[in-house]
Every structure is written in structure tokens, then in C-alpha cells.
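# Overview (structure and organization)
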Amino acid sequence: MVRTCEVALPLPLRTTFTYRVPGALDEQMVAGARVVVPFRNRAMLGVVLGRGDGPDGASLKNVAEILDPVPALSSRLVELGRWISNYYLSPIGETLRAMLPPSVELQFDREWQISEAGRARLQELRSLAAPNEAESADLAVLQVLEARGGVVSDGILRKLRDSSAAVARLLRRNELVVRGAGRHRTARMQKIVAWKVQAVPAPFRPAEQKVHRVLAENAGPLALVSLLKMADVSRAVVQRLAKQGKLLVTEEPLAPEEVRFATDLLPPSNLLNAEQVHVMNAIKAWLQARAFHPALLYGVTGSGKTEVYLHAVEATLALGRTAIILVPEIALTMWISEICRARFGGTVAVLHSGLSERERAREWWRVRRQEVQVVVGTRSAVFAPLEGIGLIVVDEEQESSYKQEEAPRYHGRDVALMRAKLEGAVALLGSATPSLESYQRAREGKYDLLCLRSRVENRPMAAVQIADLREDFRRTHKTAPISQDLREAIARELAAGRQSIVLINRRGYSWFVLCRGCGAAVLCENCSIALTYHKKRERLACHYCGFSRRVPRACPKCNSEHIYFVGAGAEQVEEHLRTLFPQARIARLDRDAVRHKRAFGQVLGAFGAGSIDILVGTQMVAKGHDFHGVTLVGVASADAQLSFPDFRAAERTFQLLTQVAGRAGRGTLPGKVIVESYHPEHYAIQMAASQDYVSFFEKELHFRRLMHYPPFVALASVLVRGAKLEKAIHWSRQIEAFFESQKMPEIKVLGPAAAPLARLKGQYRFHFLLKSTRRAALNQILNKCLACCVEKEIPDRAILIDVDPVNLL
Ligand SMILES: [Zn+2]
Ligand SMILES: [Zn+2]
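These lines cover the structure that appears in this document, whether it is placed above or below. Fair warning: this is a prediction, and the values are worked out from it, not measured in the lab. (Residues numbered from 1 in each chain as written. Chains lettered and ligands numbered in written order. Predicted model: local features only at pLDDT ≥ 70, side-chain atom pairs only at ≥ 80, totals over all residues. Heavy atoms only, no water.)

Moving on to the coordination of the zinc ion (ligand 2). Of the protein atoms, only Cys524 (SG), Cys527 (SG), Cys542 (SG) and Cys545 (SG) coordinate the zinc ion (ligand 2), at distances of 2.2 to 2.4 Å. For the zinc ion (ligand 2), the donor residues sit on a single chain with the sequence spacing C-x2-C-x14-C-x2-C. Placement of Cys524 in the loop between strand S21 (510-515) and strand S22 (532-534) and of Cys545 in the loop between strand S23 (539-541) and strand S24 (548-550) is noted, with a sequence separation of 21 residues between them. (Donors = N, O, S within 2.8 Å, 3.2 Å for Na, K, Ca; no water. Helix = DSSP H or I, 4+ residues; strand = E, 2+ residues; numbered from the N terminus.)

As C-alpha cells, then:
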């Protein structure tokens, strides 16, 4: 018998792989450990799922290396990974990869080796009098290999001109052998420069004087890069001084600086009001019970949910347990982690995708080594390797950003609930506008419902006014992106020296470009979607695939020169505000204006500090931020989302309007909100204006029940895609036939239909929507569907299954 182990590899395959465990590694081989294994000419990083025994003589490859003396993933996290893989039908290897830290210590490369046959060929090629082009190319590759002792790395062959065809040829004839290698990467080092105290100060050249001033008089020892910048000298100057013995140069590993994020944030008061105390008492009792307990904290905007989270974390730590706080966006991570650090000191780690791989790995391992007790982060922080978890908070649980839109397609909130269950922890979902699913579960008694009905310090909710854009047009005979009412309101705030936020939930300058001649919009080459006009870049861009083109002078279809631009996006609203209020200080916050997290922090910081009067932006401006100076919030065209072909369109509109309205009047002055709409009678807009969540919930729930949508059914989508239309149709037909052959009374299958985005990134897309009254039945039929795809030889990449989909485009 030989010792073996089962390894999950990060591949879109639904199988695991068996490897032989060499004797030397036997002791350390435990589930959850990361291993390096050979796989098809490559070295890959996988996770051990379990161990076993195989018959002697089985042709198994050896595990090359075990990376972790203590397994990276605890057995509970491996169990969680198995649950995700089963529930979302995601390949186990890809699922576990999403849970691992970035493997910054390893570098994967391929090595090429010359074989015996290769050496013989080399002799043969050398003897040729007039080799042809292919023979010359082969010769060049083999000569490089020979000159370097028979083995070279991938990078060296890639540098050779026209080598790829030659390498493929040589490989086919077994004259070359390829193998994968995982090399430990050395930590990146930086040079640290210090002035030698004993060094004789004179005589100085001017450039040397500058170095002396910075190092000896001002800043002390510095990283070389910073020194060059601060002293404004060239590298040669520093080298010369080092040679003369005036400078001491040492090396140290590069530790990335932490990103500081400062707004006008006042640490919230530690005092709780009566409502908050009531809520906290319930949470404390659950924490003390040390058992799984799910609860929904429904609190209106400004009711002090964050303060409840912090008290709950405090109570958890007091019991010797640990806590995770999940937030929907990176910007909020920074904000909440600052508060947490102020409150809990160095025991806080931050995990989100905005960090560099190194920063993320460093934070991850701090958590794994049990150096921290609190983790703050976006959805993947739900996998933080904390031990002894007592509390998982999911802030703004309704946010769609908790859903991962690539494999594994998990929902951070739902995984948080499952993790809390495995850990025996309290799961606290918080929101001012809970998702219908969560609120319904709370009403059914599956979660406990906690309520905060009033704002802290009894501040009034902002008064909301709906500006009817049809009426505005009748009055002004102009379609401006800012209505007269909103313009006058902003002017009043400006005159009083107060701040305003204007939300416009569309990027770019114009929504799309239309031809008056033939009526066609200018479409993306790869997607069935109209391109958005970006004025500053003078380009039309696709927000789905990144395609962009110059703005055409004439219609690409009919050559008419009568092209016009439709709809105002954030860029245009900003420009419009600048013409209306030339004296105001205006900044824009969206993915085009702010491309880096630093810039993002700067804009919010400046707004918080009061040096910006009007902040314009997409939904980025709507979330969570606590600015006390904002008294007016305007929503330019609140309808943008209502017309989306998605059963959650009304819910999303209601949520966004409520969230953004919640930004106003958080300080001592009361707030006002103006919502512009062409459909002011729509219930989502009406009820957001009256900030009446419960009525909205009842109305929307009624619609969901009638139409058989969640929370009344479990939903899954099966998307079929292909670069060739005929293929995509053919596969859809095969899957359709499969669903028809299944007799499952509790499942309804809609489709195949062209997806709302019928073409995306060059691929044609058809989809099925499955509705099931029983979740187990849904899981079963999806598994069968995948088996059928394998049987019919439909490629893995052509099928995309999304359980509990959030995005139906
Ligand atoms: Zn045209
Ligand atoms: Zn596109």
C-alpha cells in the first residue's frame, strides 16, 4: 500500500486528484494544507482534502512540497468550502482558492529541458549545410538550452524571436521536456540610506549638501526611493557618497505602508440610547449562549447601527471570542476599520480586494496566527481564518456587492450565516432597507428581528420632496439634468454655506448615442449594448467589456450626420452644475473620476473637511458615509433603475433612494431631499419618499408571491454561452430537452430565451430560469443538468450556473 492524498486544484473541473505522499511528508499531511503538485507539465498549488491508501504500483505522481506546517484552512473552513461547492455547484478547487490567502511566497514558472532525442537532433541540425527557416528556429532554441546546461526557464525561451512555434515542434517530437516549478520568491528588498555620524561633513558639492540636509538634519534614515525624491538628487550622487564612506546603505524587506484614510470622522459616542440598549441586551444573551443565532437588525438610516455593531464586538471579545464585520464596499471597510482600531487597537485586521496581494497576504496570516481578534472586510473576509468566532456582522445585508459574480458565485451574507452555524456564532444582519428575503425570514421567525426605529439624538428623518420632471418641462420647456426645484434648493444651501450631495446613478456624459436618420444606437462590437459617451476622453465606451471607440461623425449604419446624445450621466451633471454655480467648489465621485482608492479617500476627506460644496456622483455617494455638514441631497433621475429587466428593479430603486436620503441631516441641522422623477406615482419612489419600508415590503412581497419569485421560490439561472451563435443555440436545445425529460412537479423552468444582454464580450448568451418551491430539488436537478452537459460534451465554459442569482442580465 502507498500513502495517498486527495487534492483540490484551482481548475474549473468538478473532480479532485489523487497524489502519492512521499514518506518525508507523511507526518505533515493534513486536510486544509496547501501543497505544490505536478499537473500536466505544470506545478500547481492545491489544497489537501483528505488522505488515504492506494495499491502498490499505482501510477501516481508525488506531492512536491507542503507549504504550511499549520494548515492554511482549518477543518471548519474546509467544511464550509464543501458546503459552498455543493450549494452553488462550484468546483471545489476554485471554491477553496477563493478562501486562501494570495500565494505571494511562490512563483510558478515552467522549465524546459533538452532530452536525449533533442541532443541527437542538435547534432543533426548543426551538420546541415542549408537549414530552412523552421530548422534554423529549432536550432536556435536547442543551442540556447545546450549553452545553459540543458535547462532554462520559460522567460528565457520567450525572449528568443519566433521561438513559440519551434518549442511546440520540439515538444511534439519529444526533443524538449517541460516541467513545472514552484519557486520560493525572495522578499522584495529596499535600500535604506543613513548618514554616517562620523563622516567628515566637508567639503561638499551642492548635490551632496542636499543629501546631508535631508538625512542628517531633517528626516533621518530613509528608503533610497524617498531620499532621491526628497533631496532631488540622482542615484549616482548617493552611490558616490556611499563609496566615500559618508553613507551607510543597508537592505530590508519591503513592507507596504498601510493606507491611511481620514475623513472628519468623529468616533461615535460610546453611549447607547434606550432602543440601542434594548437591542444590545438581546444580542448579549445570544452571545453568552454560545450557539448559532441568526438575527436581523432593521434600523432606519442614522439610527446608530454601527454603534450597536461595536458594542456587540466588545461583548464578544469580553467572552474571549472573535468577530468578523462584513461591509459591502471597500470605502466602508476603511471607515469602519478606523473606528474599530480607535476602539479595539491592534487586534483589528482588514481584508479586502483593494489591498495589494502582499498586504492581503500579510493581514491574512496575522489572522491565521491568531494575532487579531476582529476582522473587518468585504465579502471574502467571511473566509477570514479566525478561530473561536462568536459574532459575524453583515452590514447593509441587502447590497448586491455581497454576491460574487465569478466562480465561486457565492453570496457573502448567506455564507456568513452558514459559517456562523458551523462556528456556533451569532449572525447579525443589519440594514435600513433589508432585502425582502431577510425581512420575510425574520417575519417567519427564522431570524430574530431587532428594530431601531428612530435616529440617534432624536434627529428627524430628512424631509423628502418629489420633483415631477414632466411638470418641470411644462414650466421651463427645457430638459436639463437638474430641475428648477433642485437648482433653487442647491442655491439656498450654497448661500447659507452648507453642503449638498447630488446622486446620478449613471456614469459617463450621455447614456447613449442615437442616429436621427435611422434610429439606431451606436452599439458595442462585442456586446448587445449601447455605448456610453465619455466627453473628457472623447470616446464611446462599453461598461461591460471595456471596448471603446472614437465618437463617430456620422452614423456607422446609414452614414447620416444627424447624431445626437441621449440622457445625462454623472459627467454631464457635474458640468451642468459648474455652469449653474461657477463659484461653488464641486467634486465628482464615480469610477471614471476616481480610479484609485487614494483619490477616493481624498475626495471623501475633502468633502468631510468642508472644502467641497457639492459632491456629485453615482451610487458611491449613497453608501454609509457619515457627513455631518450635508443638509441637501438631490437625486437626478431616480427612474434610471426602474426600467431594468429585473424583478428586483423596484426593490433596488427603493433601497438606493432610502440610502441616499439617509445621507442628509446627520448633524445638528435638519436635512432635505429632492427626488427627480418622470414616474413620481411609482410605489417604489412614493414609499422611499415617505421612508416607509414596511409598506414597501408588503406591496413588493405581494408582487413576488403572484409572480413566483424569491422569497417564495428558490431561484437559479443556467446561462449558455458561445462565441458561435449556432453552437450556443444547439447547446441550449440540448439542455432544454434535458429539462423537458425531467418530471419534477416542484420545479418550473423558463427558457431558453436570449439573455437581456444577448451578446456579451463577443459571446452569444441564452438563459434558463429555474424556480423551485423546494431547494433540495433545485440542487438535484442542477447536478443532473451538469452531468447531462458532460454526457453531451458541452464544454464546461459554455455553462454558467448561478444559484440565488442577483444579476439577471
Ligand atoms: Zn443612422
Ligand atoms: Zn462591450
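To describe two helices that pack against each other, one gives the angle between their axes and the distance between the axes. Between helix H4 (residues 133-147) and helix H6 (residues 163-172), whose axes approach to 9 Å, the crossing angle comes to 85°. In terms of their interaxial angle, H4 and H6 are classed as roughly perpendicular. Counting all contacts with H4, which are made through Ala134, Ala137, Asp138, Val141 and Leu142, the residues of H6 involved are Ser163, Ala166, Val167, Arg169 and Leu170. Each residue belonging to the contact of H4 with H6 can be placed in one class, and the counts come to 7 nonpolar, 1 polar and 2 charged. (Axes fitted to C-alpha atoms, helices over the stretch in contact; angles between N-to-C directions. Parallel < 35°, antiparallel > 145°, perpendicular 65-115°, else oblique. Contact = heavy atoms within 4.5 Å. Nonpolar A, V, L, I, M, F, W, Y, C, P; charged D, E, K, R; others polar.)

This part takes up empty space enclosed by the protein. All told, the structure shown has 5 cavities of 30 Å³ or more when counted by the stated rule. In this structure, the second largest cavity occupies an estimated 80 Å³ of space. If you go around the second largest cavity, the residues you meet are Leu503, Asn505, Val635, Ala636, Ser637, Ala638, Ala640, Gln641, Thr653, Leu656 and Leu657. Among the elements that line the lining of the second largest cavity, the one with the most residues is helix H20 (residues 649-661), at 3 residues. A breakdown of the residues in the lining of the second largest cavity according to their chemical character gives 7 nonpolar, 4 polar and no charged. (1 Å grid on protein atoms, 1.4 Å probe; cavity = no way out; pocket = protein on both sides within 12 Å on 5 of 7 lines; lining within 4 Å. Points joined across faces, edges and corners; volume = space filled by probe spheres on them.)

So, about the sheet that holds strand S14 (residues 348-351). Taken together, the 7 strands give an open sheet; going across it, the order is S14-S15-S13-S16-S17-S12-S18, and neighbouring strands pair in parallel fashion. Two strands in the sheet have a free side with no partner beyond their single neighbour: S14 and strand S18 (448-452). Geometrically, the sheet is characterised by an average inter-axis angle of 20° between neighbouring strands, direction not taken into account. Its contacts with the sheet put helix H13 (residues 357-368) on S14 and strand S15 (374-377), and the angle it makes with S14 is roughly 140°. (Pairing = 2+ DSSP bridges.)

By the definition in use, this model includes 43 salt bridges. For Arg121, the salt bridge is made with Asp138, and the minimal N-O distance between the two is 3.4 Å. In this pair, Arg121 is assigned in helix H3 (residues 116-126) and Asp138 in helix H4, connecting sequence segments 17 residues apart. A residue is classified by how much of its surface remains accessible, and Arg121, at 10% relative accessible area, is buried. A cluster of three or more residues bridged by salt bridges with shared partners is formed by Arg121, Asp138, Arg169, Arg173 and Glu175. (Salt bridge = Lys/Arg side-chain N within 4 Å of Asp/Glu carboxyl O. Buried < 20%, exposed > 50% of the residue type's maximum accessible area, 1.4 Å probe, protein only.)

Further remarks concern the nonpolar core. Residues Leu73, Val375, Leu589, Leu615, Ile735, Phe739 and Leu782 are the most contacted members of the largest nonpolar core, which totals 115 residues. It is helix H24 (residues 775-791) that contributes the most residues to this core, 8 residues altogether. With residues up to four places along the chain from it excluded, the contact list for Ile735 reads Val720, Phe768, Cys785, Cys789, Ile794 and Ile799. (Core = buried A, V, L, I, M, F, W, Y, C linked by side-chain atoms within 4.5 Å.)

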